[in-house]
Amino acid sequence: MSDKEKLREYLNTRRQFWPYEDSYHVDKMGAHRFMAKIGDELAGLSYAEIIEPGREARMKMNLKAAYKEYGIGTELLELLMDDLIASGFETIRYEIGREYYAFQIYQNLGFEVESQDLNTVRFVWRRK
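Since the structure is predicted, the reported quantities are computational estimates derived from the model, not experimental observations.

Thresholds applied
Residues numbered from 1 in each chain as written. Predicted model: local features only at pLDDT ≥ 70, side-chain atom pairs only at ≥ 80, totals over all residues. Heavy atoms only, no water. Helix = DSSP H or I, 4+ residues; strand = E, 2+ residues; numbered from the N terminus. Contact = heavy atoms within 4.5 Å. Areas by Shrake-Rupley, 256 points an atom, 1.4 Å probe, with all protein chains shown as cover. Phe/Tyr/Trp six-rings, centres within 6.5 Å; stacked < 30°, edge-to-face > 60°. Buried < 20%, exposed > 50% of the residue type's maximum accessible area, 1.4 Å probe, protein only. Core = buried A, V, L, I, M, F, W, Y, C linked by side-chain atoms within 4.5 Å. Pairing = 2+ DSSP bridges. Salt bridge = Lys/Arg side-chain N within 4 Å of Asp/Glu carboxyl O.

### Digging into the overall build of the protein chain
Looking only at helices and strands, the protein chain has three helices and seven strands in total. In the protein chain, the order of α-helices and β-strands from amino to carboxyl end is α-β-β-β-β-α-β-α-β-β. For the protein chain, the proportion of contacts with a sequence separation of at least 24, taken over those separated by at least 6, is 47%. Total accessible area on the protein chain is roughly 7600 Å²; 46% of this is exposed by carbon and sulfur atoms.

### Considering the packing of aromatic side chains
Scanning the model with the defined rule gives four aromatic pairs in all. Between Phe111 and Phe123, the ring centres sit 6.4 Å apart and the planes meet at 75°, which makes this aromatic pair edge-to-face. With Phe111 in the loop between helix H3 (103-108) and strand S6 (112-116) and Phe123 in strand S7 (residues 120-126), the pair connects residues that are 12 residues apart, well separated along the chain. Using a relative accessible area of 3% as the deciding quantity, one classes Phe111 as buried. On the basis of relative accessibility, which here comes to 1%, the residue Phe123 falls in the buried class.

### Description of the nonpolar core
Of all hydrophobic cores here, the largest spans 31 residues; its most connected members are Met59, Ile72 and Phe111. If you list the elements that add at least two residues to this core, you get strand S1 (24-28), strand S2 (33-38), strand S3 (41-52), strand S4 (56-63), helix H2 (72-86), strand S5 (91-97), H3 and S7. Considering each element in turn, this core owes the most residues, seven residues, to H2. When sequence neighbours within four positions are dropped, the list of residues in contact with Met59 reads Tyr47, Ala48, Leu77, Leu80, Met81, Leu84, Ile92, Arg93, Tyr94 and Phe111.

### What to know about unusual backbone geometry
Unusually for a residue other than glycine, His32 sits at a positive phi of about 60°. The residue His32 is located in the loop between S1 and S2 in this model. The exposure class assigned to His32 is buried, which follows from its relative accessible area of 12%.

### Observations regarding the pairing of S6
With four bridges joining them, S6 and S7 adopt antiparallel strand pairing. Counterpart to Ser115 in the pairing with S7 is Arg122. Hairpin connection, S6 to S7: the antiparallel pair is bridged by three residues.

### Details of the pattern of salt bridges
For the coordinates displayed, the defined rule picks out 10 salt bridges. Here Arg55 ties to Glu52 by a salt bridge, and the two come within 3.0 Å at their closest N and O atoms. For Arg55, a relative accessible area of 40% puts it in the partly exposed group. Classification of Glu52 as partly exposed rests on a relative accessible area of 36%. We note a salt bridge from Arg93 to Glu56, for which the minimum N-O separation is 2.5 Å. With Arg93 in strand S5 and Glu56 in strand S4, this pair connects stretches of sequence that are 37 residues apart. Looking at Glu56, the relative accessible area reads 17%, which means it is buried. Among the ionic contacts, a cluster of salt bridges with common partners joins Glu56, Arg93, Glu114 and Arg126.

Purely geometric numbers; function is a separate question.
Laid out in C-alpha cells, this is it:
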C-alpha cells in the first residue's frame, strides 16, 4: 500500500474533523525522513537521528502548533517507525516533555517508558 493509500485509510478511520483533507500530503524525504504539507506550507517533520547504524535510532518530530490534534504527528511517527523497523533497527528511542498529553500514542506504537525526570519522559522500543 502506498503512502497516499495509507493516508486515505488513516483519514477515513481516525480523524473526526479534518479541514485540510484535499490539500494534505506526506512525502518521504530520503532515508528515515518524512514531511507533512498542507498545500505548500510545511506542517511537520519526522526524522531519525542514527545512534548506531542499523541498530539504534532516536526519533525526532516537529509539528506546527496550528496542526496539532488532527493526527498529523501520529501519522508522521507511524511512518517513521515503520521505516525504521523495516530497515532492521533493534532499538528506537523517543523523548518528550512532561507537558505533552499524548503518552498513549507511544504506548500504542509499542514504546515503554525507559526513564523520566521532572521535565522529560524517555521512551524506548525494542525489537522482540
